[in-house]
Amino acid sequence: MSNATDALDLTAGGHRETIHLPAQAPFDFDRSLAFLTSFPTMSGEHGVEGRAITRALHECGRPVAARLSPAGPGEGTGLRCELFSETALDDGTRAAVADRLSFFLGLDDDLAALYRLARGDAPFEAVVARLHGYHQVKFPSPFEMLCWAILAQRVPMPVARKMKQALVHECGSRILLDGREHWAFPEVDRLLGLTEPELLELVGNQRKAGYLYALFRHWVDIDEGFLRTAPCEEVRERLLEIPGIGPWSCSFVLIRGLGRTEYLTTDKEMLRAAARVYGRSFTEDDFTALAERYGDLRGYWGHYLRVGG
């Protein structure tokens, strides 16, 4: 099996620069940190130290480590972002990295609109008070989210994480920074080089290997911008064309991988979250009627119910 892994030691050298990532107010990075450190799906994927996280990513063919911390006085609302790479980043790569990180942490999300809609909804106002300034944290990319959706189907989470780690260690990028190891999920170009038998060897499941093999080939024809901005039903139809992506996985990707706030599921977990917040049980019809109050932000409302209920 051909190993395409990069291994960069940036502890003592390489290029370093600092950029500012603006965020829509209100924004509280401590809320993001609290979510990231408790979200089992991403367990162990971030270096956390105090009020900063370090994450490796692969963008425009370049492995980059990003250390994110609250912006300092006079820097505006948002994050201070230190970028570490082997050589200086060109403008296009820097912009792509900034966009990826902003997307990952939902920095452009308009919480003020959600909070206005919450006025008069006393149970949800209590959730808003607990989560005030929390912007929805997503998977860094919908491609990574699709891979995870396939790997996580019908297996315990630790098994799915082990499968994902095998893919990352085979084709991802390893960055050593200040004595700590960080791994970046590979871009599709690297994964396309794996045959179906090689994928089977990595993940140990024939069905998942076949689905991943098909996904990689579908992804090269998908525009991520389309997934982020096209009408939700068109995006849903496109995702359902991918082998191994059914209605549940599609919903998962729309919400957790794309942050499509206009989309909301009514699964049992969602109904239980609503029951905890509102102190009563819900039928699907009752829940749908309540969600109408939040319009195109109903998905954000649902995420807040899950996280803060």
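Above this text sits the structure in question.
Overview of the structure. Just so you know, these numbers come straight off a predicted model, no measurement behind them. (Residues numbered from 1 in each chain as written. Predicted model: local features only at pLDDT ≥ 70, side-chain atom pairs only at ≥ 80, totals over all residues. Heavy atoms only, no water.)

### Points about the sheet that holds strand E5 (residues 62-70)
Within a beta sheet, neighbouring strands are joined by backbone hydrogen bonds and run either parallel or antiparallel to one another. Stated formally: Strands pair, by our definition, only if DSSP identifies at least two bridges between them. Under the scheme used here, helices are H or I runs from DSSP no shorter than 4 residues and strands are E runs no shorter than 2 residues, and both carry numbers assigned from the N terminus. Lines fitted to C-alpha atoms define the axes here, with helix axes fitted over just the stretch in contact, and angles between the N-to-C directions of these axes take values from 0 to 180 degrees. Should any heavy atoms of two residues lie within 4.5 Å, those residues are counted as being in contact.
Reading across from one edge, E2-E6-E5-E4-E3 is the order of the five strands in this open sheet, with antiparallel pairing throughout. Strands with a single pairing partner mark the edges of an open sheet, and in this sheet they are strand E2 (15-22) and strand E3 (47-49). The mean angle between the axes of side-by-side strands here comes to 25°, regardless of whether they run parallel or antiparallel. The sheet contact formed by E2 and strand E6 (residues 78-85) spans eight bridges and is antiparallel. Looking at the pairing, histidine 20 lines up with arginine 80 of E6. Lying on the sheet, helix H1 (residues 29-38) is in contact with E3, strand E4 (52-59), E5 and E6; it crosses E4 at an angle near 75°.

### Regarding the nonpolar core
Using the following cut-off: Buried Ala, Val, Leu, Ile, Met, Phe, Trp, Tyr and Cys residues form a nonpolar core when they are joined through side-chain atoms within 4.5 Å. Partly exposed residues are those whose accessible area sits between 20% and 50% of the maximum for their type, while under 20% is buried and over 50% is exposed, using a 1.4 Å probe and protein chains only.
Ranked by size, the top nonpolar core spans 95 residues in total, and within it Phe124, Leu212, Leu239, Trp301, Tyr304 and Leu305 carry the most contacts. Counting residues per element, this core draws most heavily on helix H5 (residues 142-151), which supplies eight residues. When near neighbours in sequence (up to four residues on either side) are disregarded, leucine 305 contacts Phe124, Met270, Ala273, Ala274, Arg276, Val277, Tyr278 and Phe287. In this structure, Ala56, Ala65, Leu177 and Ala184 belong to the second largest nonpolar core, which totals eight residues.

### Focus on the packing of aromatic side chains
Spelled out, the test is: Pairing of aromatic side chains here covers Phe, Tyr and the six-membered ring of Trp, requires ring centres within 6.5 Å, and sorts the geometry by plane angle: under 30 degrees stacked, over 60 edge-to-face, intermediate tilted. Any Lys NZ or Arg CZ that is within 6 Å of a ring centre and within 35 degrees of that ring's normal is treated as a charge sitting over the ring.
The tally for this structure, following the rule as stated, stands at 17 aromatic pairs. The lysine or arginine in question, arginine 55, covers the ring of phenylalanine 104, its NZ or CZ lying 5.3 Å from the ring centre. Sitting over the face of the ring of phenylalanine 103, lysine 138 holds its NZ or CZ atom 4.5 Å from the ring centroid.

### Thoughts on the layout of surface pockets
This is how it is decided: Using protein atoms alone on a 1 Å grid, points that fit a 1.4 Å probe yet trap it form a cavity, whereas open point sets bounded by protein on both sides within 12 Å along at least five of seven lines form a pocket; residues with an atom within 4 Å of a point count as lining. Grid points are joined across faces, edges and corners, and a volume is the space filled by probe spheres set on the points. Here the nonpolar group is Ala, Val, Leu, Ile, Met, Phe, Trp, Tyr, Cys and Pro; Asp, Glu, Lys and Arg are the charged ones; every other residue, Gly included, is treated as polar.
Taken as a whole, the largest pocket encloses approximately 660 Å³ of empty space. As for the largest pocket, its lining consists of 25 residues, of which Trp248, Phe252, Arg256, Glu269 and Arg306 are closest to the centre. Among the secondary structure elements, those contributing two or more residues to the lining of the largest pocket are helix H12 (247-257), helix H13 (268-278) and helix H15 (298-308). In terms of residues, the lining of the largest pocket owes the most to one element, H12, which gives six residues. Residues belonging to the lining of the largest pocket are distributed by class as follows: 14 nonpolar, six polar and five charged. Approximately 400 Å³ is the volume found for the second largest pocket. Elements supplying a minimum of two residues to the lining of the second largest pocket: E4, helix H6 (157-171) and strand E8 (180-184).

### So, the pattern of salt bridges
Heads up, the condition is: We count a salt bridge whenever a side-chain nitrogen from Lys or Arg sits within 4 Å of a carboxyl oxygen from Asp or Glu.
For the structure on display, the rule yields 22 salt bridges. A salt bridge links arginine 94 to glutamate 17; the nearest nitrogen and oxygen atoms lie 2.7 Å apart. Of this pair, arginine 94 sits in helix H2 (residues 91-104) while glutamate 17 sits in strand E2, and the two are 77 residues apart along the sequence. Across the salt bridge formed by glutamate 45 and lysine 164, the nearest N and O atoms sit 2.8 Å from each other. On the criterion of sequence distance, the pair formed by glutamate 45 in the loop between H1 and E3 and lysine 164 in helix H6 is long-range, its members being 119 residues apart. Beyond isolated ion pairs, a larger network of salt bridges with shared partners links Glu59, Asp99, Arg100, Glu224 and Arg228.

### Things to note about empty space enclosed by the protein
For the coordinates displayed, the defined rule picks out one cavity of 30 Å³ or more. Taken as a whole, the largest cavity encloses approximately 30 Å³ of empty space. Around the largest cavity sit Gln136, Ile255, Gly259, Arg260, Thr261, Gly299, Tyr300 and His303, which together line it. No other element matches the three residues that H15 contributes to the lining of the largest cavity. Residue classes in the lining of the largest cavity are distributed as two nonpolar, five polar and one charged.

### A look at the sheet that holds E8
Pairing within the open sheet is mixed, and its three strands lie in the order E1-E7-E8. Edge positions in the sheet fall to strand E1 (6-9) and E8, since each of these pairs with one other strand and no more. Across the sheet, the mean angle from the axis of one strand to that of its neighbour is 20°, orientation sign disregarded. Across four bridges, E1 lies against strand E7 (residues 173-177) in parallel orientation. If you follow leucine 8 over to E7, its bridge partner there is isoleucine 175.

### Some points on the side chain of serine 141
For serine 141, the position within the fold is in the loop between helix H4 (122-131) and H5. Ignoring anything within four residues of it in the chain, the contact list for serine 141 reads Arg100 and Gly257.

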